[in-house]
Amino acid sequence: MAMIETPIGLKEHDESRQGEAVMLKGNQEEQHNRKLYIESYGCQMNFADSEIVASILLDKGFTTTADYKEADVVFINTCSIRENAEQRVRNRLKEFEAAKNKKPGMIVGVLGCMAERLKSKFLEEEKLVDVVVGPDAYRDLPNLIEKVDDGTRAVNVLLSREETYADISPVRLNTNGITAFISIMRGCDNMCSFCVVPFTRGRERSRDPHSIVREAQELFAAGYREVTLLGQNVDSYKWTPQATEGTADQKPVNFAQLLVKVAQVSPLLRVRFSTSHPKDITDEVLYSMAKYDNICNYIHLPVQSGNSRILELMNRTYDRSWYIDRIQAIRTIIPDCGISTDVITGFCSETEEEHQDTLSIMDYVQYDYAYMFAYSERPGTLAAKRYADDIPEDIKKRRLTEVVNKQREHSLKRLQEQVGKVHNVLIEGFSKRSDKDYCGRNDRNAMVVFPVNTKYKIGDYVQVLGESCTSATLIGKIID
Ligand code: SAH
Ligand code: SF4
Ligand code: F3S
């Protein structure tokens, strides 16, 4: 997924790219109904899905709580991308066990990718789990909860070719009121050999563009000023009108066209998107970004490896020179574009020389930011079936450290280049360290911290002069 992450709370090579689980904020007003607690792991798509789940259950009269110990229904929305992501969930379930023992009738449910991967096996392995629900079955949740109330443990892990939850307005959780995610598609039809997502999320399908634009309009009207369009491979977004709804004005919509439609909601609404796939990102998308000021100049373009043989084994369907060509296109069409990436070290049979190719492509691009991981074999994937996971753990980790150290240099260099320049920053909130400072991101997704000026409030755009930086943050001041 997906994914432009805010650098807040991110840890390099953490199993969840958000780094930390995010808890649902409590709704203190209505205490009389059943209380839902939901905790999310993994990519932004998963976080966006939790907002759909909350919407479905709040519609049925549930209220929310931030304390799982007082919840009637405890959900954990899980990620399977690497083994340690699954281990974290299992540890967390142990913590829920004590709460459940103290509160008979408490329902514990596992949602998301791990539910999909393990299906009913979960119920055998984890005795405290009452309900297991895959990412395409959330509409069935009220019914499944009823089944559990009646004394049966319930599973629905059916994947769908159509479900996009297009008609469901997500309940925004843990929101700053300024930035929000919009899912534009689900699933993935690529078969990267290391990746579990096609198995946990099913076939790729695109959401009706009208419902996407409507959601963006509603967010803007509610005061939001930035939306991030989410999909595992946004460049393959393709919406084709159904024959039954076909009217003269309904034409197919591709990703570049969708971007423009969302950008046209308001010049004051920033648009970001994630994830772009190097094989599919088109010049049309790049030109749309260049044309609309409010489409942010930032692209997350996962390279995974800098070596063509490894890329082929990964089934990424591009090679090193294709990737470099796409970087050149970005640099030519959008000269000031921020670029980030994902890297995997120690994939099956990777030699030292091939690892050097990853380091050299990093030197070539000089990414603003990177998410870096040691290869973790996932059962059922093409790589698990075809190739031996033969790089010893200590070598994977050493290569990862080299990649992380290189990225640290590049992140710092990219930020240093932005010192002395003036940035258009959307104020997202107070800085984590001090309520005397605001924070927000510039166009190319760098986090900027600057002293509060009472003339401006959260949600305003301000011009900030970058005065210094750390390896993660630009520090500056508002200039009027
Ligand atoms: N759809 C996105 C990625 C989604 S998963 C894309 O195509 O880029 C996010 C990242 O997790 C991937 O880019 C990859 O770098 C990493 N990842 C996925 N499977 C992995 C595995 N088995 N081991 C280590 N890292 C993995
Ligand atoms: Fe996984 Fe590849 Fe699909 Fe990304 S594009 S979700 S890495 S299969
Ligand atoms: Fe996302 Fe993890 Fe699933 S990265 S799609 S939650 S396996």
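Nothing here was measured: the structure is a model prediction, and the numbers come from that model.

J.: Help me get a handle on the nonpolar core, residues and values and all.
T.: Counting 71 residues, the largest nonpolar core has L229, F255, F273, M289 and I299 as the members making the most contacts within it. If one sorts the elements of this core by residue count, helix α8 (residues 255-263) sits on top with 7 residues. Here L229 is in contact with I182, I184, I212, V234, F255, L258, L259, V262, V271, R272, F273 and S274, once residues within four sequence places are set aside.

J.: Which residues make up unusual backbone geometry, and what values do they have?
T.: Each neighbour pair has its own omega, and for S274 with T275 the value is 10 degrees, a cis peptide bond. Tracing the sequence through the fold places T275 in the loop between β14 (270-274) and α9 (283-291). One non-glycine residue, K119, lies in the positive phi region at around 50 degrees. Inspection of the secondary structure puts K119 in the loop between α3 (113-118) and α4 (121-125). Residues other than glycine seldom take positive phi values, yet N445 does so here, at roughly 80 degrees.

J.: Residues and numbers for the sheet that holds strand β11 (residues 226-230), please.
T.: Read from one edge to the other, the open sheet built from 3 strands follows the order β8-β11-β14, with strand pairing classed as parallel. Edge positions in the sheet fall to β8 (179-183) and β14, since each has one partner strand and no second. Adjacent strand axes in the sheet meet at a mean angle of 25 degrees, parallel and antiparallel pairs treated alike. Pairing geometry for β11 and β14, over 5 bridges, is parallel. Residue pairing in the sheet places T228 in a bridge with R272 of β14.

J.: For the domain arrangement of the protein chain, give the residues involved together with the corresponding values.
T.: The domains assigned to the protein chain are domain 1 (18-156), domain 2 (179-240 + 251-416) and domain 3 (422-478). Placing the centre of domain 1 and that of domain 2 at their C-alpha centroids yields a distance of 28 Å. With 16 residues of domain 1 at the contact, the number on the domain 2 side is 19 residues. For the domain 1 and domain 2 pair, buried surface summed over both sides reaches about 1600 Å², with 53% attributable to carbon and sulfur atoms. When the buried surface of domain 1 facing domain 2 is broken down by residue, Q44, M45 and R82 rank first, second and third, together holding 36% of it. Remark: the boundary between domain 1 and domain 2 carries 5 salt bridges. One salt bridge in this structure joins E86 and R378, with 3.1 Å as the shortest N-O distance. Here domain 1 and domain 2 share 8 residue pairs in polar contact (both at pLDDT 80 or more) between them. Elements with a contribution of two residues or more to the side of domain 1 that touches domain 2: α1 (44-58), α2 (83-102) and α3. The greatest single-element share of the side of domain 1 that touches domain 2, amounting to 5 residues, is contributed by α1. Its residues placed into classes, the side of domain 1 that touches domain 2 shows 6 nonpolar, 3 polar and 7 charged.

J.: Tell me about the UniProt feature "domain: TRAM" (unreviewed entry) in the protein chain, and name the residues and values.
T.: Here, the residues flagged by UniProt with the feature "domain: TRAM" (unreviewed entry) are residues 416-480. Span residues 416-480 is 5% helix and 52% strand, its end C-alpha atoms 23 Å apart.

J.: If you had to explain the sheet that holds strand β16 (residues 338-345) to someone new, which residues and values would you point to?
T.: Ordered by their spatial adjacency, 3 strands build an open sheet running β15-β16-β17, and the pairing between neighbours is parallel. Where the open sheet ends on each side, the last strands, each with one partner, are β15 (298-300) and β17 (369-374). Here the average twist between neighbouring strands, direction ignored, is 10 degrees.

J.: Please set out the site of ligand 3 residue by residue, giving values where relevant.
T.: In the neighbourhood of ligand 3, the contacting residues comprise C43, N46, T78, C79, S80, I81, C113, V197, R201 and Q232. Of the residues that constitute the shell around ligand 3, the class distribution is 5 nonpolar, 4 polar and 1 charged. Each of domain 1 (18-156) and domain 2 (179-240 + 251-416) gives at least three residues to the shell around ligand 3.

J.: Before we move on, could you go through the packing of aromatic side chains and cite the residues and values that matter?
T.: The full count for this structure, using the stated rule, is 12 aromatic pairs. Centre to centre, the rings of F347 and Y387 are 6.4 Å apart; their planes meet at 75 degrees, and the pair counts as edge-to-face. One end of the pair, F347, is in the loop between β16 and α12 (352-365); the other, Y387, is in the loop between α13 (382-386) and α14 (393-418), and 40 residues separate them in sequence. On the basis of relative accessible area, F347 is assigned to the buried category, the value being 0%. Given the relative accessible area of 22%, Y387 is considered partly exposed. Clustering of aromatic rings is evident, with ring pairs tying together F194, F347, Y375 and Y387. Over the face of the ring belonging to F373 we find R82, whose NZ or CZ atom lies 3.6 Å from the ring centre. Above the ring of F122, the side-chain terminus of R90 is found at 5.6 Å from the ring centroid.

The rules behind the values
- Residues numbered from 1 in each chain as written.
- Chains lettered and ligands numbered in written order.
- Predicted model: local features only at pLDDT ≥ 70, side-chain atom pairs only at ≥ 80, totals over all residues.
- Heavy atoms only, no water.
- Core = buried A, V, L, I, M, F, W, Y, C linked by side-chain atoms within 4.5 Å.
- Buried < 20%, exposed > 50% of the residue type's maximum accessible area, 1.4 Å probe, protein only.
- Helix = DSSP H or I, 4+ residues; strand = E, 2+ residues; numbered from the N terminus.
- Contact = heavy atoms within 4.5 Å.
- Pairing = 2+ DSSP bridges.
- Axes fitted to C-alpha atoms, helices over the stretch in contact; angles between N-to-C directions.
- Domains from an automatic or database assignment.
- Buried area = accessible area lost by both parts, 1.4 Å probe.
- Salt bridge = Lys/Arg side-chain N within 4 Å of Asp/Glu carboxyl O.
- Polar contact = N/O pair within 3.5 Å; in protein donor to acceptor, adjacent residues only side chain to side chain.
- Nonpolar A, V, L, I, M, F, W, Y, C, P; charged D, E, K, R; others polar.
- UniProt positions renumbered as here; feature names shortened; annotations may be inferred.
- Near = heavy atom within 4 Å.
- Phe/Tyr/Trp six-rings, centres within 6.5 Å; stacked < 30°, edge-to-face > 60°.
- Lys NZ or Arg CZ within 6 Å of the ring centre and 35° of its normal.

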